[in-house]
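Read off the chains here:
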Amino acid sequence: MKTLLSKVGQFIKTRKTEFWIVTGLMMLAALAHGINMFHFPYFENDEATYVSQAWSFVHSGKLAPYTFRYDHSPVGWIFLGAWFKLTGGLTTFGSNPILSGRVFIFLLHMCSVLMMYIIAKRVSKQRLAAYIAVIVFSLSPLELYFGRRVLLDNIMIFWLLLSLLFATRAPTKLRSIIFSGVTFAIAALTKENALFFAPAVLYLVWVGAEPRIRKWSASTWLTISLSIMALYPLYAALRGELFAAGSIFGGSNLHVSLIQTTLEQGARGKFTYPWVPSSAFQSNLTEWLHRDPLIIIGGTVSLLAILVLNDRYKMSRAIALTAVAQLIFLARGKLIIDYYILAMLPLLAICMGIFFAKPVEWAKDHISPRGYALTASALLALFFLASGGVAFTRDETTNQQRAIQWVEHNLPKDAIIAGNNYAYPQLHDVDGYKNYDFDFQVQYDPEVLEYKYNFNINKVQYLLISHTDVEQMSSGNLPAIRQLFGKSELIADFRTNTSSFIEMSKLISTNGDWAQVYRVDPKNAGIAVDTWRSYKQNFIKDSGQVVDPTASQTTSEGQSYAMLRAIQMNDKVAFDSTWNWTKQNMARTTDSLFVWRVTIDESGQNHINDTNSATDADEDIARALIEANQKWGSKSYLDSAHSILNSIWDHEVAQRNGRLYLIASADGSNGSELLVNPSYIAPANYRLFASVDKSRNWEKLVDDSYTLLNESQAMSSVGLVSNWVAVEPNGSLASATKLNVTAPDVYGYDAFRVNWRLADDISDSRAKAILTKLTDFLASQYNANKSITSSYDLQGKPLTEYSDVPPSAGAAIGLYAIGNKDLALQIYNSDIFARYNADGSYWGKPYNYYTQNWGAFAVQQLGPGKATPK
């Protein structure tokens with residue numbers, strides 16, 4: 001130690017300038033890597049895997065918390081486990097153990113940067129080349145993205161650079177050869193692809209040794225490296241896990257096998273030539289170029305230039321050849337994971353340092369010192385901002401951490417949870433959720449399936465889902481988890497400020513900065529739950545947009561129905577997402593109402609098709625917000641409802657001849673006439689509005705609305721109401737034919753909703769009287785024809801020959817409300833439930849959004865127990 005300190009002191013005295021430059025570069029590397037490293041990038045599956053394996057080693061004496069499958073040699077996480085032991089446990093640097101792992105990687109990174117500087121200086125014999133290499137490496141967006149993570153590759157790089165550090169020492173001494181061999185073996189036992197660096201390191205040992213002992217030096221390095229690496233298969237052999245079960249030496253008992261796993265790992269992925277656009281290499285290369293074109297393009301050009309032009313410095317060529325060897329590994333045509341590029345980054349940075357040092361030296365001699373310094377500073381600042389702006393500002397882990405905290409506060413410790421690996425170290429190892437398992441282990445680990453689940457995966461109660469799970473379910477790698485997901489209910493959603501495009505119904509996710517918690521229904525949860533879940537999967541996008549796929553549109557009515565159903569199902573997550581999308585995408589600019597229709601083009605883009613409002617949707621949204629405030633207690637719901645009520649009263653309630661009229665829209669008048677849709681009239685809503693808004697006479701709107709409904713009903717000889725009516729200047733009702741609306745003098749897909757609206761206010765005798773007249777006709781039709789057709793004229797003549805779920809639902813709801821429950825259930829069973837598909841949990845045609853809502857409303861009004869036949 002004294003000798004080392006003495007050498008450092010001597011270096012500082014004799015090379016003050018270099019010392020301060022290197023110190024500055026180390027500070028640059030520390031700031032670049034350290035700023036925001038707890039929040040960017042998101043916690044990745046493998047990070048949690050290695051953290052949990054490291055803790056298992058030091059805490060339980062096992063190489064993994066699950067069956068150790070020999071998919072990677074264990075030295076990397078043993079090293080990490082020593083760090084946890086040294087620093088006092090998993091939570092020294094934060095509640096999530098991955099944070100402690102990232103601090104460990106930060107320290108290794110700093111050591112790697114210093115070693116890279118020394119190696120670059122030695123092989124190029126230029127300090128400037130080493131300076132450039134360190135800057136390029138430290139500010140590489142790929143390094144800032146992958147290099148912060150707790151990955152075996154980052155641990156391997158530390159040991160590999162240490163091996164190169166000893167190998168590039170000239171003249172190479174025996175102890176350097178020994179240390180290089182030992183550290184290379186550790187690198188290979190950390191991550192197997194270090195083996196691709198062996199020829200280059202061996203070459204460096206060869207050229208660095210004195211000619212007379214080169215063979216001895218190379219053989220010594222090989223002997224030491226191979227001897228240490230042989231401990232891994234020796235360990236497997238002593239455990240009887242070297243050969244596969246059923247082979248000559250493997251025995252008959254089932255067990256994991258090092259040889260079998262190695263062969264399986266090598267065979268992962270379908271072989272595709274690297275130049276094929278669909279190959280794993282090409283797809284990853286596209287991502288690497290997108291994230292960091294400078295180091296990929298500049299490093300490749302520099303590497304080729306060194307191979308072609310540089311014949312003077314053999315060590316420089318050895319570094320370039322090492323990069324080529326790694327490139328061959330990446331382009332071998334099999335499975336490539338995006339972070340495999342990590343091992344290339346220090347090599348490409350060194351190549352760039354060597355290549356660009358010459359023109360920089362030339363500029364120094366031909367540009368004034370001041371201009372040179374200003375240019376260098378400007379380029380460095382630009383490089384810093386362009387390389388890692390996102391890395392220093394974006395928060396990709398808070399949503400993940402909030403999901404963990406939600407589990408901690410809302411689920412019992414014995415809850416059976418399958419989920420994303422990132423939460424395992426904190427929930428399982430720190431918080432004591434002993435039934436939290438990696439979803440891959442639940443899917444594939446025989447011990448977990450047999451001893452914990454007794455081969456019954458339906459014991460899983462909750463899923464914690466994030467980006468990787470979506471990818472794996474989509475690719476077919478987690479079929480059982482996907483089955484559980486298909487019958488689960490979203491109960492906690494953490495996607496605030498996510499940069500990811502997410503569409504869970506299609507299993508699409510583009511980034512991992514989000515998380516969700518689902519509750520699994522182990523068996524049929526009842527028709528109300530099943531149809532609501534199916535409706536969300538088929539019609540509600542993850543953004544909260546309700547899409548009618550048959551018309552490629554979203555309506556304010558559809559948004560309001562989803563909000564009302566979410567309250568009925570106590571689904572706050574769905575309510576919030578639907579409401580947020582509505583106010584962000586359908587709010588009118590002139591008031592607090594909502595445009596009634598948004599169309600969706602072929603590319604999936606939304607376009608406001610009509611800026612007019614639809615009064616029924618506006619009042620239902622206001623109702624939903626008031627009920628949400630009553631159920632979940634958020635004042636923001638009520639504040640929004642007040643704003644909407646103000647606009648409804650100002651723009652959708654008209655006063656004429658001393659009476660109040662709920663008109664069809666904010667533009668619901670045509671000159672002197674008012675357009676009214678009787679099925680928009682909802683007296684129960686107005687009573688609710690009156691309870692929170694004392695400034696307006698909502699009770700008068702109740703009374704005047706009943707008067708209008710009676711007048712509308714009087715226009716029919718059989719007690720029906722029409723889809724649309726017009727209010728003349730003198731207050732009398734007339735046909736709305738001349739107001740350019742669809743089916744004005746018809747009891748049809750609009751008018752049947754009067755039954756639903758008045759059923760909510762059945763305690764008022766006026767509602768019961770109107771419904772009695774209306775349902776007397778519908779009952780007679782059903783008794784005569786055993787069905788309710790989809791529409792009638794005002795004299796009671798059927799206009800169609802078919803029945804449908806929505807009109808039948810209206811009839812059943814009205815009959816049930818006035819007390820004719822037996823007939824209501826008969827209609828339900830014959831016209832509604834007969835169209836129910838239990839396997840898919842939908843009514844009639846699966847993609848008819850209107851039908852799905854009215855089947856659900858019928859169940860809601862009649863009661864799930866009563867509405868399901870015995």
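Everything below is about the structure printed above this text.
Residues numbered from 1 in each chain as written. Predicted model: local features only at pLDDT ≥ 70, side-chain atom pairs only at ≥ 80, totals over all residues. Heavy atoms only, no water.

1. Remarks on the packing of aromatic side chains
Put simply, the rule is: Here is the rule: rings of Phe, Tyr and Trp (six-membered ring for Trp) pair when centre to centre is within 6.5 Å. Planes less than 30 degrees apart are stacked, more than 60 are edge-to-face, and the remainder are tilted. Elements are defined by DSSP. Helices are runs of H or I of four residues or more, strands are runs of E of two residues or more, and each kind is numbered from the N terminus. Note on classification: 1.4 Å probe, protein chains only; a residue is buried when its accessible area is under 20% of the maximum for its type, exposed when over 50%, partly exposed between these limits.
Within this structure, the stated rule accounts for 52 aromatic pairs. Taken together, a centroid distance of 5.8 Å and an interplanar angle of 45° make the contact between Tyr-66 and Tyr-424 tilted. Here Tyr-424 lies in helix α20 (residues 424–430) and Tyr-66 lies in the loop between α3 (45–60) and α4 (75–87), a separation of 358 residues in the sequence. Judged by its relative accessible area of 2%, Tyr-424 is buried.

2. Describing the packing of α3 against helix α5 (residues 97–124)
How two helices sit against one another is set out by the angle between their axes and by the gap between those axes. Spelled out, the test is: Simply put, an axis is a line fit to the C-alpha atoms, just over the touching stretch for a helix, and the angle between two N-to-C directions goes from 0 to 180 degrees. Here roughly perpendicular refers to angles of 65 to 115 degrees, roughly parallel to angles under 35, roughly antiparallel to angles over 145, and oblique to all remaining angles. Contacts between residues were defined by any pair of non-hydrogen atoms, one from each residue, lying within 4.5 Å. Under the convention adopted here, Pro, Cys and the residues Ala, Val, Leu, Ile, Met, Phe, Trp and Tyr are nonpolar, Asp, Glu, Lys and Arg are charged, and Gly plus all remaining residues are polar.
Interaxial distance between α3 and α5 falls to 10 Å at its minimum, and their mutual angle equals 90°. Looking at the two axes, α3 sits roughly perpendicular to α5. Contacts from Glu-47, Ala-48 and Val-51 of α3 reach α5 at Pro-97, Ile-98 and Arg-102. Across the contact of α3 with α5, the residue classes tally to 4 nonpolar, no polar and 2 charged.

3. Observations concerning the pairing of strand β3 (residues 462–465)
Inclusion rule: What makes two strands pair is DSSP finding at least two bridges between them.
Burial of β3 is two-sided: the residues Tyr-462 and Leu-464 facing one way and the residues Leu-463 and Ile-465 facing the other way are all buried. Where strand β1 (residues 417–419) lies against β3, 3 bridges are found, and the strand directions are parallel. Paired with Ala-418 across the two strands is Leu-463, which belongs to β3. Bridge analysis of β3 against strand β7 (residues 515–520) gives 4 bridges, and the strand direction is antiparallel.

4. A short note on the side chain of His-109
In this structure, His-109 sits in helix α5. Classification of His-109 by relative accessible area gives buried; the value is 5%. In this view, His-109 contacts Ala-29, His-33, Phe-137 and Glu-143; residues no more than four positions away in its chain are not counted.

5. Describing the pattern of salt bridges
Counted only if it meets this: Here, a salt bridge means any Lys or Arg side-chain nitrogen found within 4 Å of an Asp or Glu carboxyl oxygen.
One pass over the full model with this rule turns up 32 salt bridges. The residue Arg-533 makes a salt bridge to Asp-521 at a minimum N-O spacing of 2.0 Å. With Arg-533 in helix α25 (residues 527–539) and Asp-521 in the loop between β7 and α25, the pair connects residues that are 12 residues apart, well separated along the chain. A single burial state applies to Arg-533 and to Asp-521, both of which are buried. A salt bridge links Glu-711 to Arg-659; the shortest N-O distance between them is 3.1 Å. Of this pair, Glu-711 sits in helix α31 (residues 698–714) while Arg-659 sits in strand β12 (residues 659–662), and the two are 52 residues apart along the sequence. A residue is classified by how much of its surface remains accessible, and Glu-711, at 28% relative accessible area, is partly exposed.

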